[in-house]
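Now for the letters of each chain:
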Amino acid sequence: DGVLRRCTNAHAGYPTPNENIILFADFMPEPQRFVRGTATPGVAIVHGKLEFGVSASISVTRYVGENPLGFNRNNIRIQPFLFATYKDDTLDLSASVSRFDGWWDDADIGNEQQTLYDVSLAKTFGDFKLDLSARRSVEDTTFPYVPVTLRTSAGVGLSYKLTSQLTLRSSVKTSRTEYPGVALSSKTTAFGGGASYEFGKDWTLGLDAAYQRGTLIDGEPMTGGVVSLSLARKFNLKSALAQK
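For the structure given in this document, a descriptive report is provided here. Please read all numbers here as calculations on a predicted model, not as lab measurements.

### Digging into the pairing of strand β10 (residues 148-161)
- Two strands pair when backbone bridges link them, and strand β9 (residues 128-140) and β10 are joined in this way by 13 bridges, in the antiparallel orientation. If you follow R136 over to β10, its bridge partner there is T152.
- In this structure, β10 lies alongside strand β11 (residues 166-179), joined through 12 bridges in antiparallel fashion. When the sheet's bridge partners are listed, G155 is paired in β11 with K173.
- In sequence, β10 turns back onto β11 through a hairpin of four residues.

### A closer look at the pattern of salt bridges
- Under the defined criterion, the tally for this structure stands at six salt bridges.
- A salt bridge links R77 to D140, with the nearest nitrogen and oxygen atoms 2.7 Å apart. With R77 in strand β6 (residues 75-87) and D140 in strand β9, this residue pair connects regions lying 63 residues apart in the sequence.
- The class of R77 is buried, set by a relative accessible area of 8%.
- Since its relative accessible area comes to 28%, D140 is described here as partly exposed.
- One salt bridge in this structure joins R135 and D118, with 3.6 Å as the shortest N-O distance. Residue R135 is found in strand β9, and its partner D118 is found in strand β8 (residues 112-125); the two are separated by 17 residues along the sequence.
- A relative accessible area of 41% places R135 in the partly exposed class.
- Shared partners join several salt bridges into a network, and the residues in it are R36, R77 and D140.

Cut-off values and rules
- Residues numbered from 1 in each chain as written.
- Predicted model: local features only at pLDDT ≥ 70, side-chain atom pairs only at ≥ 80, totals over all residues.
- Heavy atoms only, no water.
- Pairing = 2+ DSSP bridges.
- Helix = DSSP H or I, 4+ residues; strand = E, 2+ residues; numbered from the N terminus.
- Salt bridge = Lys/Arg side-chain N within 4 Å of Asp/Glu carboxyl O.
- Buried < 20%, exposed > 50% of the residue type's maximum accessible area, 1.4 Å probe, protein only.

Structure below.
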């Protein structure tokens, strides 16, 4: 039998975005600052390993201070979701589709309506693990005349547990960022590889490298590389509380 769950989340934030804008040929003189309040009511049905439901994100954004180009970027957003998840010992699958509707106070910034999605799959085959993902989302921007940027991405990753402590991994990811209303976009493809080593009781050391290539917003090609070294520790809150 299914179990009905209701939930309502609330969130408030104070982001300070800044971007390299073609009109300045540099970053904006000062970051833009805004306050955003978001409420997300929803309901889900849980049936065994399957969960599905509906929710809606409702947010109000108010900018603080003056925009150097004179735009009023205050806005209201409503985004209803349909979502589903399934998880067992070897498979973890999640999917959601939503409708984004945003209204901006400035007549020079067009309102925006988009259909968005987020799909991910993780499947384990013995010592191998396959990860697939695809996403279409909107992100805040300071670009003139553009309400939001539209980002479409997809990726595939494969990892292999060589020993009980050492895991090797590789990935390919691609993304495209569009600027609605001004016919501009940028593209990036990244090829990556790395390894992680578990040592001690809860420590993990990771090393990753990626080669990137793509096209910038002005049409110029770009290439680059990223190398990262990480050290992480897991904390078992339940065990810590039990010891007290």
